[in-house]
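Working through the structure, step by step
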Amino acid sequence: MTCWIDTAPALARLGSAERSQLAELTPMDVPKGAVLFRPGDAVQGFVLVLSGRVEVFLTGANGRELMLYAVEPGQTCVQTTLGLLGEAAYTGEAIATQPARIVLVPRATFLRLMEDSPSFRTLVFSAMAVRMEEVIRLMERVSFQSVESRLAGWLLARAEAGRVLATHAEIAAQIGSAREVVSRRLDAFARRGWVRTERGLVEIRDPAALRRLDAVAETG
């Protein structure tokens, strides 16, 4: 019978002792929409995502949300890593946006592996470095790229057969804007004939126009 650890390529470089410790853990199935943690929660362990997708958000005092990053198979949650190493509580919220299968490595096991296993430390720090670079790129886009350009790029990246299934509020959280701003920009795109919108759906009519806009970054 195949062990779950054999389905996690990110763990392939671990030694037999580390793999044996992790293999004793039992995967958990998480339904779509489940909240894995909220701001103020204590970090219970290191999460390994085997399948599905988990998105991590920050919420401002005004209620606006910003998606920091998504955790997919083979990726890690930097908030969890920092919380385990620095004994800090979560500042964001994690939601399973697809049904997910995860493994929770208890804090004690995580810290023991960090201390005893160079290969496990390399795995954790390498993944954290990649994630931090992604967060920095996000901050650069939010700070220096126009809402129109971010919206165009996001629509192109998420479209399947020319259609994006998402509400205006969901889009706003993804690109770091407000729902009202996204609605106005989509209305402007629709008037130009670039998209067609209906509740929970954006249909791309002129992808070339969106690609041109995506290539334009405005500073300000």
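Criteria and cut-off values
- Residues numbered from 1 in each chain as written.
- Predicted model: local features only at pLDDT ≥ 70, side-chain atom pairs only at ≥ 80, totals over all residues.
- Heavy atoms only, no water.
- Helix = DSSP H or I, 4+ residues; strand = E, 2+ residues; numbered from the N terminus.
- Buried < 20%, exposed > 50% of the residue type's maximum accessible area, 1.4 Å probe, protein only.
- Contact = heavy atoms within 4.5 Å.
- Areas by Shrake-Rupley, 256 points an atom, 1.4 Å probe, with all protein chains shown as cover.
- Lys, Arg positive; Asp, Glu negative; His and termini not counted.
- Charge placed at Lys NZ, Arg CZ, Asp CG, Glu CD.
- Core = buried A, V, L, I, M, F, W, Y, C linked by side-chain atoms within 4.5 Å.
- 1 Å grid on protein atoms, 1.4 Å probe; cavity = no way out; pocket = protein on both sides within 12 Å on 5 of 7 lines; lining within 4 Å.
- Points joined across faces, edges and corners; volume = space filled by probe spheres on them.
- Pairing = 2+ DSSP bridges.
- Domains from an automatic or database assignment.
- Buried area = accessible area lost by both parts, 1.4 Å probe.
- Salt bridge = Lys/Arg side-chain N within 4 Å of Asp/Glu carboxyl O.
- Polar contact = N/O pair within 3.5 Å; in protein donor to acceptor, adjacent residues only side chain to side chain.
- Nonpolar A, V, L, I, M, F, W, Y, C, P; charged D, E, K, R; others polar.
- Axes fitted to C-alpha atoms, helices over the stretch in contact; angles between N-to-C directions.
- Parallel < 35°, antiparallel > 145°, perpendicular 65-115°, else oblique.

Scanning the protein from terminus to terminus reveals eight helices and ten strands. Taking the principal axes of its C-alpha atoms as reference, the protein extends roughly 60 × 40 × 30 Å. Every one of the 220 residues in the protein was classed for burial, and the buried ones make up 43%. By sequence separation, contacts in the protein at least 24 residues apart represent 68% of the contacts at least 6 residues apart. In the form shown here, the protein has an accessible surface area of approximately 11,800 Å², with 53% of it arising from carbon and sulfur atoms. Looking at the protein, you have 26 positive and 25 negative side-chain charges, and the mean spots of the two groups are 6 Å apart.

Once that is clear, we can look at the nonpolar core. Judged by nonpolar contacts, the single largest core of 41 residues is most densely connected at W4, L11, L22, F46, Y69, F110 and F120. Secondary-structure elements contributing two or more residues to this core are strand 3 (45-51), strand 4 (54-59), strand 5 (65-71), helix 2 (78-86), strand 6 (93-96), strand 7 (100-106), helix 3 (107-116) and helix 4 (118-144). When residues of this core are assigned to their parent elements, the largest contribution, six residues, is made by helix 4. Setting aside chain neighbours within four positions, we find W4 in contact with L11, L22, A23, L25, P27, L48, L50 and V103. In this structure, A166, A172, I175 and L213 belong to the second largest nonpolar core, which totals 22 residues.

On to the layout of surface pockets. Taken as a whole, the largest pocket spans an internal volume of roughly 740 Å³. Taken together, 21 residues line the largest pocket, and the ones lying closest to its centre are E55, T97, R158, L165 and E170. Counting only elements with at least two residues in the lining of the largest pocket, the list comes to strand 4, strand 6, helix 5 (147-158), strand 8 (163-165) and helix 6 (168-175). Among the elements that take part in the lining of the largest pocket, helix 6 stands out by supplying four residues, more than any other.

The next subject is the pairing of strand 4. With six bridges connecting them, strand 4 and strand 5 associate as antiparallel partners. Residue pairing across strands places F57 opposite M67, the latter belonging to strand 5. Pairing between strand 4 and strand 6: four bridges, direction antiparallel. Across the sheet, residue V54 finds its bridge partner in strand 6, namely A96.

With that settled, consider the domain arrangement of the protein. When its domains are assigned, the protein resolves into domain 1 (4-116) and domain 2 (143-215). Look at where the C-alpha atoms of domain 1 and domain 2 centre, and you get two points 30 Å apart. Listed per partner, the contact involves seven residues of domain 1 and eight residues of domain 2. In terms of surface lost to domain 2, no three residues of domain 1 exceed R64, E65 and M67, which account for 62% of the buried area on that side. Connecting domain 1 to domain 2 are zero salt bridges. Joining domain 1 to domain 2, the criterion identifies two residue pairs in polar contact (both at pLDDT 80 or more). Those elements that place two or more of their residues in the side of domain 1 that touches domain 2 are strand 4 and strand 5. Among the elements that line the side of domain 1 that touches domain 2, the one with the most residues is strand 5, at three residues. Grouping the amino acids of the side of domain 1 that touches domain 2 by side-chain chemistry returns three nonpolar, no polar and four charged.

Between helix 1 (residues 16-23) and helix 3, the shortest axis-to-axis distance is 12 Å and the interhelical angle comes to 175°. Judged by the angle between their axes, helix 1 and helix 3 are roughly antiparallel. Across the interface between the two elements, E18, Q21 and L22 of helix 1 pack against T109, R112 and L113 of helix 3.

Let us look at the pattern of salt bridges. In total, this model carries eleven salt bridges according to the counting rule given. Residues R19 and D6 are paired through a salt bridge, measuring 3.0 Å at the closest nitrogen-oxygen approach. Pair noted here: R19 is in helix 1 and D6 is in the segment before helix 1, with a separation of 13 residues, a long-range link. Across the salt bridge formed by E203 and R205, the nearest N and O atoms sit 3.5 Å from each other. Among the charged side chains, a network of salt bridges with common partners joins R196, E198, E203 and R205.

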